[in-house]
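Overview (structure and organization)
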Amino acid sequence: MPDLDPTTDFIAGTTAGIVGLLIAHPFDTVKVRLQNPDLSSRYHSVSHAFATIIREERFSGLYKGIASPLATCAFMNGLVFASYKFFLKAQMVDGSTPSLTEVAIAGSCCGVAMSFFATPIELIKIRQQNMLESGLGSVSVSKLIYTIHREHGLKGLFRGLTATAFRDLGYGAYFFGYEATSRYLTSLSPGLNGSTSLSDSSQRSIPLWILFVSGGVAGVLGWLPTFPMDVVKTRMQSTETAEARSIMRSEVTTGDNPYRTTISTIQHSYRTGGAGGFFRGLSPTMLRAIPVNMATFAVYETVVGILSP
């Protein structure tokens, strides 16, 4: 399996991540609002949530919290693709095409590793998305970081780490879905040998429609198995102390906070919402997953093709 320059991997992943983020963020804001137990009652459906946010907070309200992931998007998405390739190559003993099992293992390892970076970034993003004032964010990222660190220390920035790690195991299904679909579709296409470009850097002639379909399948499979843990993570990261609420002017309340730990969040969520509660916000997630990941993989492959000799 020919090696890709890690810099090429990183640049391609960075570019793809920025494009995907700009498409995905409005859907993510709606998802977070629907998953937040203290705000979800304001919205009757996905379309109502979109309309309400735009009416009350202007269109820019859909992009609340984008500063944190956008500022780190280059680092994060570049690392996702680069670490995936690292864990994939670590399993290879020769130059053969990796099996789908090896692809899934590499993706899962990549997800757990990336959760240490994703947790504080998503914590800040979610806190901003839960603010109900108009504008891209009434409180700056630095103010939020200072407040959380002052109240809870460094560990406060990693609230929800366990839930994030379990959720990001979904990268295994994510890359598995892309590779399996791409291999199947290329095997049916005349002139292609069934190899997929993420695992074979010499294969750069895959048609764009195959990249789109494979990316769409990857987006759906990457979310479905671990979506309940995303609900758990969001509920944990949405809760605030009284002092933080006064600074962030949110409507989130805690009292005797049932969302203190991953286990208590799972237990309380099941008692109050049943099994269906763990799929709150799934609709906007699926709506964004297909176009975002179609664009992400297509951009990644295109940039790699441009930069590769």
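The paragraphs below set out a description of the structure included in this document. (Residues numbered from 1 in each chain as written. Predicted model: local features only at pLDDT ≥ 70, side-chain atom pairs only at ≥ 80, totals over all residues. Heavy atoms only, no water.)

Below, the discussion takes up the pattern of salt bridges. Side chains that carry opposite charge are capable of pairing whenever their charged atoms lie near each other. Applying the stated rule across the entire model yields 13 salt bridges. With its nearest N and O atoms 2.9 Å apart, the salt bridge here joins Arg167 to Glu122. Of this pair, Arg167 sits in helix H6 (residues 161–168) while Glu122 is found in helix H4 (residues 100–129), placing the two residues 45 residues apart along the sequence. Residue Glu122 is classed as buried on the basis of its relative accessible area of 15%. Through salt bridges with shared partners, a single ionic network connects Asp28, Lys31, Glu122, Lys125, Arg167, Asp168, Asp230, Lys233 and Arg288. (Salt bridge = Lys/Arg side-chain N within 4 Å of Asp/Glu carboxyl O. Helix = DSSP H or I, 4+ residues; strand = E, 2+ residues; numbered from the N terminus. Buried < 20%, exposed > 50% of the residue type's maximum accessible area, 1.4 Å probe, protein only.)

Inspection of every chain in the model, using the stated rule, returns 0 disulfides. For the unlinked cysteine Cys109, the closest cysteine sulfur is that of Cys110, found at 8.8 Å. Taking the relative accessible area as the measure of exposure, Cys109 reaches 33% and is therefore partly exposed. Taking relative accessible area as the criterion, Cys110 reaches 0% and is therefore assigned buried. (Disulfide = S-S within 2.5 Å.)

What follows concerns H4. Helical geometry: 3.6 residues make up each α-helical turn, so side chains three or four residues apart lie on a common side. For H4, spanning 30 residues, the distance from its first C-alpha to its last is only 37 Å, which falls clearly below the expected 44 Å at 1.5 Å a residue. Its maximal kink placed at Ser115, H4 deviates by approximately 45°. (Expected span 1.5 Å × (residues − 1). Bend = angle between axes of the 7 residues up to and from the residue.)

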